[in-house]
Amino acid sequence: MEKGKHRVNRGPNMMGFWAARIAKDKNKKKRDNNGFSLVELIIVIAIISILAAAVTPVLIRYIDKSRKAVDIETAQSIFEAANLASASYDDGVAEGWTVAATTKNSNSVARTTVTNSGHNSALDSSAPSSERYEISCVSWARGVNYNVGGKEWQNAKFKSTIDSGKEGDLQREYTNEFLRNLVHDEAVGAVYIKQGQNNFDGFSTQTMKMKYKGDAGYGKAEVWMVCIRTDNHKPEVWIGDKNFNGRGSGQIVRPLYRIYPDPCTEYRN
């Protein structure tokens, strides 16, 4: 061997060193891939639960607000069709619009005292008499499914509130004009016969479904209502109930919330 040079030891000891090093690296990688410990998992789950509890109510309010906004848009379409029909030059249509405000049969047209804030005064007694006025329902339709004897969507199309007599004939003239403006031609001239067997029943492309189905404060709404103010004969669109909120069958429609124009606070905010 030349002076100043050393032989590299490549014997068994060196091989054992590298084998041990490789094994150590494998064990380290194995430990690194063990994932979360039980304590770490509990902490992560706790954090997710806290975030979900904080975010969920906000998300629900956002969804509800979006659904109410869609209902207001639907109410606006109903209002525009009703307002246009109320201004008709046809005497029969014009008289048919006002008959709900002048009829002595106030029960059939669901004549109701309401508040300037857009509530039924029987449910919201906070408003003074100076902030109340009277409305009568001219036409109504369901926006939520109601099953009668296995038949889905009872009164899914708009119908007049007065079914018979001269006043009923006049009101149907208005309602037919309103339906034409709303492009609900299949309900125009509908025959009023035994409840549950008329052609106002059944879901169709013209059914105006309500998006918000919760309780906004004064009960769950199920029907759209085209109403006339008895003081100035201007139209308003309300939503109300007929059978919901524990009222049972055989009830007349009842306004709960004004939706258009000037929606009540529960729908505006």
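That block above? That's the structure.
Residues numbered from 1 in each chain as written. Predicted model: local features only at pLDDT ≥ 70, side-chain atom pairs only at ≥ 80, totals over all residues. Heavy atoms only, no water.

**Description of the pattern of salt bridges**
Argument step 1. Per the counting criterion, the structure on display carries ten salt bridges.
Argument step 2. Its salt-bridge partner being D231, residue R229 comes within 2.8 Å of it at the nearest N-O pair.
Argument step 3. Of the residues examined, R229 reaches a relative accessible area of 18% and is grouped as buried.
Argument step 4. A relative accessible area of 49% means that D231 is categorised as partly exposed. (Salt bridge = Lys/Arg side-chain N within 4 Å of Asp/Glu carboxyl O. Buried < 20%, exposed > 50% of the residue type's maximum accessible area, 1.4 Å probe, protein only.)

**Brief notes about the nonpolar core**
Argument step 1. With 38 residues, the main nonpolar core has F158, Y174, F178, W224 and Y267 as its most contacted residues.
Argument step 2. When contributions to this core are tallied by element, the ones reaching two or more residues are α2 (38-86), α3 (91-102), β2 (132-142), α4 (165-181), β4 (223-229), β5 (235-241) and β6 (254-260).
Argument step 3. Per-element tally for this core: the top contributor is α2, with seven residues.
Argument step 4. One finds V114, V223, M225 and C227 within the second-largest nonpolar core, a separate group that totals eleven residues. (Core = buried A, V, L, I, M, F, W, Y, C linked by side-chain atoms within 4.5 Å. Helix = DSSP H or I, 4+ residues; strand = E, 2+ residues; numbered from the N terminus.)

**Looking at the packing of α3 against α4**
Argument step 1. Their axes nearest at 7 Å, the elements α3 and α4 cross at an angle of 110°. Classified by the angle their axes make, α3 and α4 are roughly perpendicular. Here α3 runs over α4; the crossing is left-handed. Contacts between α3 and α4 involve G92, V93, E95, G96, W97, V99 and A100 from the first element and E167, L170, Q171, E173, Y174 and E177 from the second.
Argument step 2. In the contact of α3 with α4, the residues fall into six nonpolar, three polar and four charged. (Axes fitted to C-alpha atoms, helices over the stretch in contact; angles between N-to-C directions. Parallel < 35°, antiparallel > 145°, perpendicular 65-115°, else oblique. Left-handed = near helix turned anticlockwise from the far one by under 90°. Contact = heavy atoms within 4.5 Å. Nonpolar A, V, L, I, M, F, W, Y, C, P; charged D, E, K, R; others polar.)

**So, the side chain of S88**
Argument step 1. Considering the arrangement of structural elements, one finds S88 in the loop between α2 and α3.
Argument step 2. Only 3.0 Å separates the side chain of S88 from the backbone nitrogen of D90, close enough to count as a polar contact. (Polar contact = N/O pair within 3.5 Å; in protein donor to acceptor, adjacent residues only side chain to side chain.)

**Quick notes on α3**
Argument step 1. Over its twelve residues, α3 extends 16 Å from the first C-alpha to the last, a length consistent with the 16 Å expected when each residue adds 1.5 Å.
Argument step 2. For α3, the full list of buried residues reads G92, V93, G96, W97, V99, A100 and A101.
Argument step 3. Looking at the buried positions of α3, the neighbouring elements they touch are α2, β2, α4, β4 and β5.
Argument step 4. Among the residues of α3, the N-terminal cap falls to D90, whose side-chain oxygen and the backbone nitrogen of G92 are separated by 2.8 Å. (Expected span 1.5 Å × (residues − 1).)

**Comments concerning α4**
Residues three or four positions apart in an α-helix share a direction because the helix packs 3.6 residues into each turn.
Argument step 1. Across its 17 residues, α4 extends 25 Å between first and last C-alpha, which sits within 8% of the 24 Å expected from 1.5 Å per residue.
Argument step 2. Residues of α4 that are buried include every one of G168, L170, Q171, R172, Y174, T175, N176, F178 and L179, and no others.
Argument step 3. Packed against the buried residues of α4 are α2, α3, β2, β3 (159-160) and β4.
Argument step 4. Once α4 ends, the next one or two residues include V183, with phi positive near 60°.

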